[in-house]
Amino acid sequence: MATKIKKVSLIDDNAMGIYKIADYNERKFKAVYYGLQETWGKTIQAQSQTNWNKTQWDAFKARFIATFGSVDNPKYSVQQMVDYSIKHFNKGLKELLEVNKRTWLQRERLLAK
């Protein structure tokens, strides 16, 4: 006998309790946040044909936090930041995740030296 499957538009996973996980996009929030920050900073550097020192990066990051909030207290959702990134940098979720991954790999290489 076939089991009838209930058609539901969204799966209610509340019964998972302590095993429940956040949506994929929300789990990737930090990577999107830092990927957008890196993309923006590198774009401004390229436009001005300069390489920022630590003080300049810190000033930029302060402005970024004022605009987007911090990682712990964001002003916008992942989707809003991805939409912004697409509009201004033509980079979607996949590209921002890749930017973040490359940045972390660069930092690891620098720390290993």
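It should be noted that the structure appears before, not after, this text.
Quantities reported herein were computed from a predicted structural model and do not represent experimental measurements.

Draft legend 1. A look at the packing of helix H2 (residues 29-48) against helix H5 (residues 93-112). Between H2 and H5, the least distance of the axes is 8 Å, while the angle of their chain directions is 80 degrees. Judged on the interaxial angle alone, H5 and H2 are roughly perpendicular. Residues Ala31, Val32, Tyr34, Gly35, Leu36, Glu38 and Thr39 of H2 touch H5, and the partners they reach there are Leu93, Leu96, Leu97, Val99, Asn100 and Thr103. For the contact of H2 with H5, the class distribution of residues is eight nonpolar, four polar and one charged.

Draft legend 2. Examining a nonpolar patch on the surface more closely. A contiguous nonpolar surface patch, about 420 Å² in accessible area, is contributed by Met16, Ile18 and Tyr19. Taking the relative accessible area as the measure of exposure, Ile18 reaches 77% and is therefore exposed.

Draft legend 3. Layout of H2. The end-to-end C-alpha distance of H2, which contains 20 residues, comes to 29 Å, matching closely the 28 Å that a straight helix rising 1.5 Å per residue would cover. Three or more residues of H2 are buried, namely Phe29, Ala31, Val32, Tyr33, Gly35, Leu36, Gln37, Glu38, Thr39, Gly41 and Gln45. Contacts made by the buried residues of H2 are with helix H1 (24-27), helix H3 (54-68), helix H4 (78-89) and H5. Of the residues one or two after H2, Gln49 is the one with positive phi, at around 55 degrees.

Draft legend 4. Looking closely at the pattern of salt bridges. The full count for this structure, using the stated rule, is three salt bridges. The closest approach of N and O atoms between Asp13 and Lys20, which form a salt bridge, is 3.6 Å. Given a relative accessible area of 28%, Asp13 falls into the partly exposed group. A relative accessible area of 40% places Lys20 in the partly exposed class. Residues Asp58 and Lys54 are paired through a salt bridge, measuring 2.9 Å at the closest nitrogen-oxygen approach. Residue Asp58 and its partner Lys54 are both found in helix H3; the two are separated by four residues, about one turn of the helix.

Parameters and conventions
Residues numbered from 1 in each chain as written. Predicted model: local features only at pLDDT ≥ 70, side-chain atom pairs only at ≥ 80, totals over all residues. Heavy atoms only, no water. Axes fitted to C-alpha atoms, helices over the stretch in contact; angles between N-to-C directions. Helix = DSSP H or I, 4+ residues; strand = E, 2+ residues; numbered from the N terminus. Parallel < 35°, antiparallel > 145°, perpendicular 65-115°, else oblique. Contact = heavy atoms within 4.5 Å. Nonpolar A, V, L, I, M, F, W, Y, C, P; charged D, E, K, R; others polar. Patch = residues over 30% accessible without salt bridge, like charges linked within 9 Å, V, L, I, M, F, W, Y side chains within 5 Å. Areas by Shrake-Rupley, 256 points an atom, 1.4 Å probe, with all protein chains shown as cover. Salt bridge = Lys/Arg side-chain N within 4 Å of Asp/Glu carboxyl O. Buried < 20%, exposed > 50% of the residue type's maximum accessible area, 1.4 Å probe, protein only. Expected span 1.5 Å × (residues − 1).

Everything listed here is a matter of geometry and, on its own, says nothing about what the molecule does.
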